[in-house]
Amino acid sequence: MVVRRIVAVREGRPLFSDTLGDLIALDETHLTIRTRTGEVRIARTDVHRAKRVPPSRQASAAQTVELELAADEAWPAPVRERLGDWILRAAQGWTGRANSALAVGDPGLPLDVAADEVRRWYAARGLPAVISVPLPAARRTDAILEQLGWSAAPTVLVQTAPLAAVRQALGGPVPARSSDGTAPDPVSPPDGHASAAVVTLDARPAEDWLEFAARREVPLPDAARHVLGAAPQVRFATIRDAAGKPIAAGRGTISGQGRWLGLTSMVVAPQWRRRGLARQVITALATWAAETGARDVYLQVEERNTAAVALYGELGLRTAHTYHYRREPARS
């Protein structure tokens, strides 16, 4: 946003200065704007006018690489090798992110040769070759892979927002307890009101969390536990019904030198949707992240998941860049 404030009065006339940046804090007396040169705290009585401005449409290549590496740190495949700047990742086929080559930077080889090296690396592990292509930063790589016959999967949006802005959009705090403390209060049944739900935050995933949140598509391999639990800082959020069964869950990580809260594995049981449970899970994880000193939030969501995109838009998250997977062509 841009804030026009009164900085002085000369000959009975106010003098103004404009501050452009992200609104990261707001209280009854002051607002704080993060600018390119640092944070600026402005008294509300000095504000003449404030206007929201659209975010920049694209992240720079350097910002894209920074965010992709932070996301990779938060979803760490147990088997990893480098191909120049690219990162080759394998996790027994569990999730695309942990079983694809991350095409950031220079692979140190001509792109067609690099693609062949990726194919060989994954073939040696009994996996299909997949390359994660951030856009628009890696558009040249994407064009070469298309020419080579690598097929494209649906677009994934990488969305970001200042953590303080997301917390403000979420509203009031949600009760959160460690699993080591008193058992959380159950929420009301599906025909009731779920606003009193308590979110449990765990440093390690409980077995029923894994059953509910991580085993949606394939049986959970051993590598999945590494991917989920090996991030530098991680919390597993759960809301349970009166019988103690998980009905909403999510995972939060801190990566990128403590800057980024990553939100992954967001799930709400079908009969409990549209009751605000996802917002409560995000609120608990955002509160935890703020306590660690994190400043920004990111998440990855398929563009075609319109319900999730709408929710994240309400929280102020905007697309910084996109990516899609390119899968090797069928062998003749």
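Remember, it's a predicted structure, so these values are computed and weren't measured experimentally.

Conventions adopted
Residues numbered from 1 in each chain as written. Predicted model: local features only at pLDDT ≥ 70, side-chain atom pairs only at ≥ 80, totals over all residues. Heavy atoms only, no water. Pairing = 2+ DSSP bridges. Helix = DSSP H or I, 4+ residues; strand = E, 2+ residues; numbered from the N terminus. Axes fitted to C-alpha atoms, helices over the stretch in contact; angles between N-to-C directions. Phe/Tyr/Trp six-rings, centres within 6.5 Å; stacked < 30°, edge-to-face > 60°. Buried < 20%, exposed > 50% of the residue type's maximum accessible area, 1.4 Å probe, protein only. Lys NZ or Arg CZ within 6 Å of the ring centre and 35° of its normal. Contact = heavy atoms within 4.5 Å. Polar contact = N/O pair within 3.5 Å; in protein donor to acceptor, adjacent residues only side chain to side chain. Expected span 1.5 Å × (residues − 1). pLDDT = per-residue confidence, 0-100.

Focus on the sheet that holds strand β2 (residues 13-20)
- On the basis of which strands lie adjacent, the open sheet formed by three strands has the order β2-β1-β6 and antiparallel pairing. One side of each edge strand has no neighbouring strand; the edge strands of this open sheet are β2 and β6 (47-51). Shown here is a sheet whose adjacent strand axes are inclined to one another by a mean of 25°, direction ignored.
- Where strand β1 (residues 2-10) lies against β6, four bridges are found, and the strand directions are antiparallel. Its bridge partner lying in β6, V3 is registered against A50.

Notes on the packing of aromatic side chains
- Applying the stated rule across the entire model yields five aromatic pairs.
- A centroid spacing of 6.1 Å and a plane angle of 75° characterise the contact between W260 and Y298, whose relative ring orientation is edge-to-face. Taken together, the residues W260 in strand β17 (residues 260-268) and Y298 in strand β18 (residues 296-302) connect sequence positions 38 residues apart. The burial state of W260 is the same as that of Y298; both residues are buried.
- Look at Y323 and Y325: their rings are 5.5 Å apart centre to centre, the planes differ by 70°, and that puts the pair in the edge-to-face class.
- By relative accessible area, Y325 is classed as buried at 17%.
- Here R97 stacks its cationic end above the ring of W75, 4.3 Å away from the centre of that ring.
- Here the guanidinium or amino end of R125 rests over the ring plane of W121, the centre of that ring lying 3.9 Å away.

Let's talk about unusual backbone geometry
- Along the chain, L135 connects to P136 via a cis peptide bond; the corresponding omega equals 5°.
- You can see P136 is positioned in the loop between β10 (130-135) and α3 (139-147).
- Phi at S265 takes a positive value of approximately 55°, unusual for a residue other than glycine.
- Within the fold, S265 resides in strand β17.
- Residue classification places S265 among the buried positions, given a relative accessible area of 12%.

A closer look at the sheet that holds strand β3 (residues 22-26)
- An order of β3-β4-β5 is seen for the three strands of this open sheet, with the pairing classed as antiparallel. Each having just a single partner strand, β3 and β5 (38-43) make up the two edges of the open sheet. For this sheet the average axis-to-axis angle between neighbouring strands, irrespective of direction, equals 25°.
- Note that β3 and strand β4 (residues 30-35) share four bridges and pair antiparallel.

Topic: the environment of E68
- Along the chain, E68 falls in helix α1 (residues 61-74).
- For E68, a relative accessible area of 5% corresponds to the buried category.
- With 90 residues separating them in the primary sequence, E68 and V158 have C-alpha atoms 9.0 Å apart.
- Filtering out sequence-adjacent residues up to four positions away, E68 remains in contact with L102, V104, P134, V158, H321 and Y323.

Side note on the environment of E302
- Along the chain, E302 turns up in strand β18.
- Residue class for E302 comes out partly exposed when judged on its relative accessible area of 31%.
- Along the primary structure E302 and L157 are separated by 145 residues, whereas in three dimensions their C-alpha atoms are 5.9 Å apart.
- Setting aside chain neighbours within four positions, we find E302 in contact with P154, T155, V156 and V309.
- Side chain to side chain, E302 and R304 meet in a polar contact 2.5 Å long.

Quick notes on α1
- A rise of 1.5 Å per residue sets the reference length of α1, with its 14 residues, at 20 Å; its end C-alpha atoms lie 20 Å apart and thus fit the reference within 8%.
- Along α1, the residues classified as buried are T64, L67, E68, A70, A71, D72 and A74.

Thoughts on the confidence of the model for the protein
- Per-residue confidence for the protein gives a mean pLDDT of 89; residues scoring 70 or more make up 89%.
- Ignoring residues within four places in sequence, the model shows residues 180-194, a span with pLDDT below 50, making 30 contacts including any to other chains.

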